[in-house]
Protein chains: 2
Amino acid sequence: MAVSIEVLRRFDLLHELTDSALEPLAAHAVLRKFSRREIVIDPGQAESNLCFLFEGSLQGVDFTLDGREVGLYFVRPGDFCGEVGLFGHHPNPEFVVALAKSQVVLLPFSAIESVMYDIHPLIKVLSQRLARWVIELTQQRSVLSLTSIPLRIYRQLAQLSGLDLIDNPQAVASSQGAGGRSKVPDLTQEINIANPPTHQEMAIMLNTSRETVTRVFQSLQAEDIVQRNGTSSLIIKQPEKLYHLALGDG
Amino acid sequence: MAVSIEVLRRFDLLHELTDSALEPLAAHAVLRKFSRREIVIDPGQAESNLCFLFEGSLQGVDFTLDGREVGLYFVRPGDFCGEVGLFGHHPNPEFVVALAKSQVVLLPFSAIESVMYDIHPLIKVLSQRLARWVIELTQQRSVLSLTSIPLRIYRQLAQLSGLDLIDNPQAVASSQGAGGRSKVPDLTQEINIANPPTHQEMAIMLNTSRETVTRVFQSLQAEDIVQRNGTSSLIIKQPEKLYHLALGDG
DNA sequence: CATTATGTGTGATTGTCATCACGTATACTG
DNA sequence: CAGTATACGTGATGACAATCACACATAATG
């Protein structure tokens, strides 16, 4: 069942496309629901899709040879993923998993490949998106080279809360979309992170164990820097302290 | 001083472009020599270039907050780099450094930006290159998530020698270009890696120290798996053993 | 609302490897 | 070719965090 142009236009990255550019795409798009932990993108499958997240939360993951899960990025509502396989003769490098019940608009590659280089704004959006992903992966790469695991976690929290934009307003986030990232936060105000990733989801992003993430959170809570409200909300109570910890000033 | 179309066409990724596509580019390209350790790309500079490596060796690097160098990729002759900044309003995310005396063809962004979306094969080449870089970064990301440092080094050596193509012929390499990567190596034959990266250059790719790389090489040499000929050549004497070590079978 | 599943928290142990300092070998330069 | 710079090699130390097993808390489900 196709989706309307209006549904597609809700996605930031498509909202500049003309109706005539969107119509052939909307005709082939489908809206699907995914359960928690269901696979949204499987690189082994023959037919690939561009995936626009309407509601819920997704995570791009890879697996090492020994079966360990590696976190690559988070997808928040309003964003999309799965575009790497459109360029060249290789599948997408990553699996995408639903972290929560999600609604995703799927757009088959076959509907895009024939037109993407002819619709100027479409190829521009897609290639700019790839460039952004390279930048995100590079930023995450630098985080991973920190030898101190707590420092990685502080940096990840700074990214989730937007604190990393303070020194680098051009930075892009691993979690972006309709929620957040649009403005630099105020260091004097508490920051609420809705639906934060679990300790395990953060741990696989940072090459550490969920027990270590828990212990770092424990010490941040003991210093009243963060406060956890169950699993639905995480509050940065002292953004300025977290900001300095993330800079390595701890 | 501009360069000829023939010089540009020597680069694999440009050789499918027509003369009319290459002419405006060649008119603005310059050939420059860089000394060892000289900066080829500086993201802080206003004017950016696409860089084609004619001869020598380059490495893409980033720096962490505490000034540690992070290795992102190697560039071998015949390849190019520096294309991320073409897409969107942000500089390139990486510095590029000459690892050896190098000759580089520099193509200013200003010469490309006005035509890149209009020359179909050019935007295709550039966007496919971005996609390949995402795949490379993702592969390297998986290597970095291995908790065993020796296993990371085995995998890096497998990539440098082409052994990683055995199970994944579609894989792209962090070091590619005119030399190597074009065919799957024979496990029964010694593999020669010309101008291998130094222990320090490998260490920053793998988030480890050069002492640790040295110790792992020591044990590989003790088992006659690799043999070092000064700094100009590294021979994989028992590719099958390295292949299995890289799989974690050690 | 009870049961089940998932996520967080805790303690103990051990091994790995970063770090530091320094020596030796190789490559480069004038 | 001598001197200098760079790369490799070595030894010792201590800290950090992965790992394992298990308990407790929270969320989801029927």
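As a reminder, the structure under discussion sits directly above these lines.
Residues numbered from 1 in each chain as written. Chains lettered and ligands numbered in written order. Predicted model: local features only at pLDDT ≥ 70, side-chain atom pairs only at ≥ 80, totals over all residues. Heavy atoms only, no water.

## Quick look at the overall build of chain A
Formally: Helical segments are the DSSP runs of H or I of at least four residues, strand segments are the runs of E of at least two, and each set is numbered from the N terminus. Only C-alpha atoms enter the radius of gyration, while the globule expectation follows 2.2 Å times N to the 0.38, with N the number of residues. Two residues qualify as a contact provided that any one of their heavy atoms is within 4.5 Å of a heavy atom in the partner residue. Accessible surface area values rest on a Shrake-Rupley calculation with a 1.4 Å probe, where residue burial reflects the displayed protein chains alone. For the purpose of counting charges, residues Lys and Arg are taken to be positive, whereas Asp and Glu are taken to be negative. His and the chain ends are not included. The atom standing in for a charge is NZ when the residue is Lys, CZ when it is Arg, CG when it is Asp and CD when it is Glu.
If you tally the helices and strands in chain A, you get eight helices and eleven strands. Scaling as 2.2 N^0.38, a compact globule of 250 residues should have a C-alpha radius of gyration of about 18 Å, and chain A matches this with 19 Å. Taken along the three principal axes of its C-alpha coordinates, chain A extends 55 × 40 × 30 Å. The contacts in chain A between residues at least 6 apart in sequence include a share of 69% that link residues at least 24 apart. Within the structure as shown, chain A displays about 10,600 Å² of accessible surface, and the carbon and sulfur contribution to it stands at 50%. Of the side-chain charges in chain A, 22 are positive and 28 negative, and the distance between the mean point of each set is 6 Å.

## Details of helix α2 (residues 19-28) of chain B
Residue and element names in this part refer to chain B. Quick reminder of the rule: Remark: exposure states derive from per-residue accessible area (1.4 Å probe, protein chains only) relative to the maximum for the residue type, with buried under 20%, exposed over 50%, and partly exposed in between. Directions drawn from the helix axis to the C-beta atoms are what define this arc.
Taken together, the buried positions of α2 are A21, L22, L25 and A26. End-on, the buried residues of α2 take up no more than an arc of 115°, which puts them together on one face. Seen from the buried face of α2, the exposed residues on the opposite side, beyond 90 degrees, are S20 and A27.

## Focus on the protein's contact with DNA strand C
Put simply, the rule is: Any residue with a heavy atom lying within 4 Å of a molecule or strand is counted as near it. Residues adjacent in sequence count toward polar contacts only when both atoms are side-chain atoms; beyond that, a polar contact is any pair of N or O atoms within 3.5 Å, and within protein one must be able to donate a hydrogen and the other to accept it. Only Asp, Glu, Lys and Arg are considered charged, only Ala, Val, Leu, Ile, Met, Phe, Trp, Tyr, Cys and Pro nonpolar, and every remaining residue, Gly among them, polar.
Close to DNA strand C lie 25 residues, the nearest being R36(A), R210(A), Q218(A), I149(B) and T212(B). Sugar plus phosphate: this is where 58% of the atoms of DNA strand C within 4 Å of the protein reside. R210(A) is positioned such that a nitrogen or oxygen atom in its side chain is 2.5 Å from a base oxygen of DNA strand C. Breaking the surface near DNA strand C down by element, the ones donating at least two residues are α7 (210-222) of chain A together with α5 (149-161) and α7 (210-222) of chain B. Of all the elements, α7(A) adds the most residues to the surface near DNA strand C, at six residues. Of the residues belonging to the surface near DNA strand C, the class tally is two nonpolar, 14 polar and nine charged.

## Observations regarding the sheet that holds strand β9 (residues 191-194) of chain B
Residues and elements named next belong to chain B. As a reminder of what qualifies: Paired strands, in this sense, are two strands between which DSSP finds at least two bridges. Lines fitted to the C-alpha atoms define the axes, with helices restricted to the stretch that makes contact. Angles between their N-to-C directions range from 0 to 180 degrees.
On the basis of which strands lie adjacent, the open sheet formed by three strands has the order β9-β11-β10 and antiparallel pairing. Pairing within the sheet leaves two strands with one partner each, and these edge strands are β9 and β10 (226-229). Direction aside, the axes of adjacent strands within the sheet are offset by 20° on average. Note: β9 against strand β11 (residues 233-236), four bridges, orientation antiparallel. For I193, the partnering residue across the bridge sits in β11 and is L234.

## Let's talk about the sheet that holds strand β1 (residues 30-34) of chain A
Residues and elements named next belong to chain A. The strand order across the open sheet formed by four strands is β1-β8-β3-β6, and the pairing between neighbours is antiparallel. Edge positions in the sheet fall to β1 and β6 (80-81), since each has one partner strand and no second. Note: β1 against strand β8 (residues 102-108), five bridges, orientation antiparallel. Paired with R32 across the bridge in β8 is V104.

## Structural notes on the interface of chain B and chain A
So the rule is basically this: By convention, the term buried area covers the 1.4 Å-probe accessible surface removed from two parts as they join, with the contributions of both added. Just to be clear on terms, a salt bridge is a Lys or Arg side-chain nitrogen sitting within 4 Å of an Asp or Glu carboxyl oxygen.
Listed as interface residues are 43 residues of chain B and, on the opposing side, 44 residues of chain A. Together chain B and chain A conceal approximately 3,600 Å² of surface at their shared face, both sides included; 67% is due to carbon and sulfur atoms. Looking at the side of chain B facing chain A, the largest losses of area belong to Y117(B), V134(B) and R141(B), adding up to 18% of the total buried there. Scanning the region where chain B abuts chain A turns up zero salt bridges. Here chain B is connected to chain A by 13 residue pairs in polar contact (both at pLDDT 80 or more). Residue assignment for the side of chain B that touches chain A shows that the elements contributing at least two residues are β4 (58-63), β5 (69-75), α4 (120-144) and α6 (199-205) of chain B. If one sorts the elements of the side of chain B that touches chain A by residue count, α4(B) sits on top with 15 residues. For the side of chain B that touches chain A, the residue count by class is 23 nonpolar, 14 polar and six charged.

## Notes on the side chain of D79(B)
The residue D79(B) is located in the loop between β5 and β6 (80-81) in this model. Within polar-contact distance, the side chain of D79(B) engages the side chain of R129(B) at 2.7 Å.

## Structural notes on the environment of S219(B)
Residue and element names in this part refer to chain B. Tracing the backbone through its elements, the reader meets S219 in helix α7. Overall, S219 belongs to the partly exposed group, its relative accessible area being 31%. Considered as a pair, S219 and E55 are 164 residues apart in the sequence and their alpha carbons are 33 Å apart.

## Quick word on the protein's contact with DNA strand D
With respect to spatial proximity, 23 residues lie near DNA strand D, and among them I149(A), T212(A), R36(B), R210(B) and Q218(B) are the closest. E211(A) is positioned such that a nitrogen or oxygen atom in its side chain is 3.1 Å from a base nitrogen of DNA strand D. The separation between a phosphate oxygen of DNA strand D and a polar side-chain atom of T212(A) is 2.5 Å. Looking at the surface near DNA strand D element by element, the count peaks at five residues for α7(B).

## Describing the pairing of strand β3 (residues 49-55) of chain B
Residue and element names in this part refer to chain B. β3 sits mainly inside the fold: five of its seven residues count as buried. Bridge count between β3 and strand β8 (residues 102-108): six bridges; the pairing is antiparallel. By the bridge assignment, F52 is partnered in β8 with V105.

## Focus on the pairing of strand β7 (residues 95-98) of chain B
Residues and elements named next belong to chain B. Bridging between strand β2 (residues 39-41) and β7 involves two bridges; their strand directions are antiparallel. In the sheet register, I41 faces β7, and the bridge partner there is V96. Summarising the sheet, β4 and β7 pair through four bridges and their orientation is antiparallel. When the bridges of β7 are listed, G60 appears paired with V96.

## Quick notes on the pattern of salt bridges
Residue and element names in this part refer to chain B. With the rule as written, the count across this model stands at twelve salt bridges over all chains. Residue E83 is joined to R129 by a salt bridge in which the shortest nitrogen-to-oxygen separation is 3.1 Å. You can see E83 sitting in the loop between β6 and β7 and its partner R129 sitting in helix α4, a full 46 residues away along the chain.

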